[in-house]
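# Summary of structural features
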Amino acid sequence: MPEKTDLIGEGKAKKIYATDDPTKLIFYFKDDATAFNAQKKGSIESKGELNLLISARLFRLLESEGIDTHFIEEKNEREMLVERLEIIPIETVVRNIVCGSLQKRTGHPEGEELVRPIVEFYYKSDELGDPMINDDHCLVFDWATHGELEEIRHQAHAVNTVLKPFMAERGILLVDFKLEFGRTHDGRVLLGDEICPDTCRFWDSKTHKKLDKDRFRHDLGDVEGAYQEIARRVTN
Ligand code: TMP
Ligand code: ASP
């Protein structure tokens, strides 16, 4: 199994290490939490372990349904071995229910069910605060090719088609989520990053209680309990 070598990058929630295999990386999941482009900072106890557990379960589910991902295996409670990707600088958001910035942008009420899923692109830039972009921006600024955008959109819908019923069976509404994609050394577009309560909105189906990072963003309390509840339900 590849072993960790140099620290090559650090994001808000993860550290990224090279390994002795140039095609593989190790992600270390931290407890640090940020919101509103890091204007709000904090820490959620055990978040790293819970997010790794949840991400690994959901990546395995996607793989079993024929959607390739960068996930290879867990190394331990905090570390995940993944395929090395050249990250495409686009954050892809899929929405099933109105919440967050879609509510702000449209004035539609939180909780309104969409007649079909919406896929949105944001430019991955902390400096600029991840502004919303469209296909033309991606093409003109060379962030992705037309073929890659088609592949990203197709995979984003496919992920939603797998995750939504899986979560529904566990009493959870998949409100929306963010995905990141990258290029493998042989030029394929592959799903990367993580899929967890930091990057998804999960509501209890009956009570609509928020079981995700919105509890941290908006000081709703019991953040760790929400992450534990999601971990319990997805691993069941
Ligand atoms: P939004 O409603 O704030 O645009 O968020 C949409 C989804 O994207 C939501 O599930 C949370 C996730 N998200 C991230 O993963 N990272 C971010 O920086 C932001 C703003 C949202
Ligand atoms: N992760 C993002 C940040 O700190 C924002 C968020 O998740 O709300 O900037």
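Here's what I pulled together on the structure shown here. Please read all numbers here as calculations on a predicted model, not as lab measurements.

### Concerning the site of ligand 2
Close contacts around ligand 2 come from K12, T34, A35, F36, N37, A38, K213 and R217, and that covers them all. Within the side chain of T34, one N or O atom sits 2.4 Å away from an oxygen atom of ligand 2. Between ligand 2 and the protein, one listed contact pairs an oxygen atom with a backbone N or O atom of N37 at 2.8 Å. Its residues placed into classes, the shell around ligand 2 shows 3 nonpolar, 2 polar and 3 charged.

### Thoughts on the sheet that holds strand 2 (residues 14–19)
If you walk across this open sheet you meet the 5 strands as 1-2-3-7-6, and the pairing is antiparallel. Since the sheet does not close on itself, it has two edges, and those belong to strand 1 (4–10) and strand 6 (71–74), each with one partner. Here the average twist between neighbouring strands, direction ignored, is 30°. Alignment of strand 6 against strand 7 (residues 79–83), held across 3 bridges, turns out to be antiparallel. Across the sheet, residue E73 finds its bridge partner in strand 7, namely L81. Each of strand 3 (24–29), strand 6 and strand 7 is contacted by helix 1 (residues 47–64), which is oriented at about 135° to strand 6, the strand it contacts most.

### Concerning the packing of aromatic side chains
Per the stated rule, a full pass over the model turns up 3 aromatic pairs. Where F59 meets F71, the ring centres are 6.1 Å apart and the plane angle is 15°; that geometry is what we call stacked. Linking F59 in helix 1 with F71 in strand 6, this pair joins segments that are 12 residues apart in sequence. Pair check on accessibility: F59 and F71 agree, each one buried. The cationic tip of K15 hangs over the ring face of Y28; the distance from NZ or CZ to the ring centre is 5.9 Å. Geometry around F166 places R170 over its ring, the cationic atom sitting 3.7 Å from the centre.

Basis of the calculations
Residues numbered from 1 in each chain as written. Chains lettered and ligands numbered in written order. Predicted model: local features only at pLDDT ≥ 70, side-chain atom pairs only at ≥ 80, totals over all residues. Heavy atoms only, no water. Near = heavy atom within 4 Å. Polar contact = N/O pair within 3.5 Å; in protein donor to acceptor, adjacent residues only side chain to side chain. Nonpolar A, V, L, I, M, F, W, Y, C, P; charged D, E, K, R; others polar. Pairing = 2+ DSSP bridges. Helix = DSSP H or I, 4+ residues; strand = E, 2+ residues; numbered from the N terminus. Axes fitted to C-alpha atoms, helices over the stretch in contact; angles between N-to-C directions. Contact = heavy atoms within 4.5 Å. Phe/Tyr/Trp six-rings, centres within 6.5 Å; stacked < 30°, edge-to-face > 60°. Buried < 20%, exposed > 50% of the residue type's maximum accessible area, 1.4 Å probe, protein only. Lys NZ or Arg CZ within 6 Å of the ring centre and 35° of its normal.

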